[in-house]
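These are the residues of each chain, in order.
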Amino acid sequence: MSFIPYALPLTGDEEIAEVVDTIQSGWLTTGPKTKKFETNFTKFVGVKYALAVNSATAGLHLGLEALGVGPGDKVITTVHTFTATAEVIRYLGADPVFVDIEGDSFNIDCDAIEKALITHPEVKVILPVHYAGQSANMTRIMKLAKQYNVKVMEDAAHAIPTTHNNKVIGTFGDITVYSFYANKTITTGEGGMVVTNNDEYAKRIGCMRLHGISKDVFDRFTSTKPSWHYEVIAPGFKYNMTDIAASLGIHQLKKAWKLQERRQEIAYRYNNEFSNIPLKVPLIVNKDDVHSWHLYVIQLDLEAISISRERFIDILAEKGVGTSVHYIPLHFHPYWKDAYDLKETDFPISTNIFSRIVSLPNYPKMTDEQVDKVISVVKSVLLEHKIHV
Ligand SMILES: *Cc1c(COP(=O)(O)O)cnc(C)c1O
């Protein structure tokens, strides 16, 4: 059997036909397909506004900008994430306040959030990440936000679809941002979506994603301006989504629940097979919540095996199984470490799990035979290197 890549998207004839239709229509950039994708997305989440952008990073930037984050402000977030979550804070001249994660879900630690809120009165926003596709404790986070009068923007790059207390992620925070990068749960190649129920935020994001051009003058019913007229009200960005990307999104979104079912099936299969070997399977904190299973992250029991996590990954690759690590925590990266004087001991849980975690392939395109192969390779490698005491 050939190499099993760590991730692969699942696209079908519907996506291809839609892209061809878009190309033939002559309208390649933001237009009717993007509008349709946005409308469908509002219904999927159950939210007033959905604004398509060309990446989640762009969406996170626009979200914080709309929340009024600027120099002197602080944003609380987790170290156990991709750098995009935190870099957007720096785009606006604000500073992150990094906190550790919870040992079970690897989601942002709510006690640490509260401590940071008390010690940093400049905090304007809490920015949780739904790690691997398991919801952060949104009940507690929204309570803290209310108590300390701060806003919440969710990095939901892993969380479509994810639920918390029977509500879809996107219906909790002030603003929520999803990613459609090629290896995410649904994809447009590159792309993202920002959702909100707030009229002002939606208006600002809609304007800033396209050069700060105000749409108000385009209202053909109220405007007396000629059709070529437009007004720039701020130095905006170029973050709009193309109709080619939206063509993929329209069909990917329709399949989102079905794709989740297959990832969950694979995850449960792994969970069942990986008992009695030196690893820990991912912990499910709340069994009633839907987990998107974007990532399936195991923790190696390094005390019970004779190889490192690095060697384990190399052996798996030699045997034809691609893996990844989510994430190299931000306090291990030179920029974040030096700019904010971060120490490994400041984030004991993230530091500890970093040396043990491995993300295994878990995507709907995997065949049952490929899932079987991942299981047998993981089992045999760990049993072969098990320390006998
Ligand atoms: C992928 C990812 C992003 C960035 O998404 P892009 O669409 O590539 O900009 C942000 N945060 C997290 C947690 C991610 O996994």
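Scroll up a little and you will see the structure.
Nothing here was measured: the structure is a model prediction, and the numbers come from that model.

Asker: How should I be thinking about the pairing of strand 13 (residues 296-300) in this particular structure?
Answerer: Sheet faces and side chains relate simply in a regular strand, where the side chains alternate between the two faces. Counting buried residues in strand 13 gives five out of five residues, a clear majority hidden from the surface. Burial of the side chains of strand 13 extends over both faces: Tyr296, Ile298 and Leu300 are buried on one face and Val297 and Gln299 on the other.

Asker: How should the packing of helix 5 (residues 110-119) against helix 6 (residues 138-148) be read in this particular structure?
Answerer: Between two packed helices, both the angle of their axes relative to each other and the distance between the axes serve to describe the pair. Two numbers describe how helix 5 lies on helix 6: the axes approach to 10 Å, and their chain directions differ by 10°. Between helix 5 and helix 6, the angle falls in the class roughly parallel. For the pair helix 5 and helix 6, contact is made by Cys110, Asp111, Ile113, Glu114, Leu117 and Ile118 and by Arg140, Ile141, Leu144, Gln147 and Tyr148, respectively. A per-class count over the contact of helix 5 with helix 6 returns seven nonpolar, one polar and three charged.

Asker: Would you take a moment to explain empty space enclosed by the protein for this structure?
Answerer: Counted under the stated rule, the structure contains two cavities of 30 Å³ or more. Of the volumes computed, that of the largest cavity is approximately 190 Å³. Together, 20 residues line the largest cavity, and Leu8, Asn183, Lys184, Asn362 and Tyr363 are the ones closest to its centre. Each of domain 1 (13-254) and domain 2 (257-384) gives at least three residues to the lining of the largest cavity. By volume, the second largest cavity amounts to about 140 Å³. Along the wall of the second largest cavity there are 15 residues; nearest its centre are Asp104, Ser105, Phe106, Pro282 and Leu283. Here the lining of the second largest cavity gathers at least three residues from each of two domains, domain 1 (13-254) and domain 2 (257-384).

Asker: I keep staring at the side chain of Thr176 and nothing clicks. Help me out?
Answerer: Relative to the elements of secondary structure, Thr176 occurs in strand 8 (residues 175-179). Residue classification places Thr176 among the buried residues on the basis of a relative accessible area of 0%. Engagement of the side chain of Thr176 in a polar contact is seen with the side chain of Glu154, the distance being 3.3 Å. Setting aside residues no more than four positions away along its own chain, Thr176 makes contact with Glu154, Ala156, Ile169, Gly170, Met193, Val194 and Val195.

Asker: Quick question: what am I supposed to make of the site of the ligand here?
Answerer: Lining the immediate environment of the ligand, one finds 15 residues, of which Thr57, Asp155, His158, Ser179 and Lys184 sit closest. One of the backbone nitrogen or oxygen atoms of Ala56 is found 2.9 Å away from an oxygen atom of the ligand. A distance of 2.5 Å separates an oxygen atom of the ligand from a polar side-chain atom of Thr57. Mapping the ligand onto the cavity grids shows that it belongs to the second largest pocket. Contributing elements (two or more residues each) for the shell around the ligand: helix 3 (56-66) and helix 4 (83-91). For the shell around the ligand, the class distribution of residues is six nonpolar, seven polar and two charged.

Asker: So what exactly am I meant to see when it comes to helix 6 here?
Answerer: Residues lying three or four places apart along an α-helix face the same way, a consequence of the helix completing one turn every 3.6 residues. Within the span of helix 6, buried status applies to Met138, Ile141, Leu144 and Ala145. Looking straight down helix 6, one finds its buried side chains confined to an arc of 125°; they lie on one side. Opposite the buried face of helix 6, by more than 90 degrees, sit the exposed residues Lys143, Lys146 and Gln147. Buried residues along helix 6 sit in contact with helix 5, strand 4 (123-127), strand 5 (151-155) and strand 6 (163-164). Just downstream of helix 6, Asn149 is the residue with a positive phi angle, here 55°.

Asker: Help me understand the packing of helix 3 against helix 7 (residues 199-208), please; the structure alone is not making it clear to me.
Answerer: Their axes nearest at 9 Å, the elements helix 3 and helix 7 cross at an angle of 130°. In terms of axis orientation, helix 3 runs oblique to helix 7. Read as a crossing pair, helix 3 and helix 7 show a hand that is right-handed. Where helix 3 abuts helix 7, its residues Leu62, Gly63, Glu65 and Ala66 lie against Tyr201, Arg204, Ile205 and Met208. Considered class by class, the residues forming the contact of helix 3 with helix 7 number five nonpolar, one polar and two charged.

Asker: Which parts of the structure should I look at to understand the side chain of Thr34?
Answerer: Mapped onto the secondary structure, Thr34 falls in helix 2 (residues 32-45). In this structure Thr34 comes out as buried when scored by relative accessible area, which is 2%. There is a polar contact of 2.5 Å between the side chain of Thr34 and the side chain of Asp243. Setting aside residues up to four positions removed in sequence, Thr34 forms contacts with Ala52, Met241, Thr242, Asp243 and Ala246.

Asker: What is the right way to look at the layout of surface pockets in this model?
Answerer: By rolling a water-sized probe across the atoms, one finds the places where empty space is left. Taken as a whole, the largest pocket holds about 660 Å³ of empty space. Along the wall of the largest pocket there are 25 residues; nearest its centre are Lys35, Leu51, Gly206, Arg209 and Lys215. Take the lining of the largest pocket: its biggest share by element is six residues, from helix 7. Taken together, the residues that form the lining of the largest pocket break down as eight nonpolar, eight polar and nine charged. Approximately 390 Å³ is the volume found for the second largest pocket. Along the walls of the second largest pocket sit 22 residues, with Phe82, Ala84, Ser179, Tyr181 and Lys184 positioned nearest its centre. Looking at the lining of the second largest pocket, the elements that each hand over two or more residues are helix 3 and helix 4. Broken down by element, the lining of the second largest pocket gets its largest block of residues, three residues, from helix 3. Looking at the lining of the second largest pocket residue by residue, the class counts come to nine nonpolar, 10 polar and three charged. When we break the lining of the second largest pocket down by domain, the ones giving at least three residues each are domain 1 (13-254) and domain 2 (257-384).

Quick notes on the rules
Residues numbered from 1 in each chain as written. Predicted model: local features only at pLDDT ≥ 70, side-chain atom pairs only at ≥ 80, totals over all residues. Heavy atoms only, no water. Buried < 20%, exposed > 50% of the residue type's maximum accessible area, 1.4 Å probe, protein only. Helix = DSSP H or I, 4+ residues; strand = E, 2+ residues; numbered from the N terminus. Axes fitted to C-alpha atoms, helices over the stretch in contact; angles between N-to-C directions. Parallel < 35°, antiparallel > 145°, perpendicular 65-115°, else oblique. Contact = heavy atoms within 4.5 Å. Nonpolar A, V, L, I, M, F, W, Y, C, P; charged D, E, K, R; others polar. 1 Å grid on protein atoms, 1.4 Å probe; cavity = no way out; pocket = protein on both sides within 12 Å on 5 of 7 lines; lining within 4 Å. Points joined across faces, edges and corners; volume = space filled by probe spheres on them. Domains from an automatic or database assignment. Polar contact = N/O pair within 3.5 Å; in protein donor to acceptor, adjacent residues only side chain to side chain. Near = heavy atom within 4 Å. Sits in = over half its atoms within 2 Å of the grid points. Arc of directions from axis to C-beta. Left-handed = near helix turned anticlockwise from the far one by under 90°.

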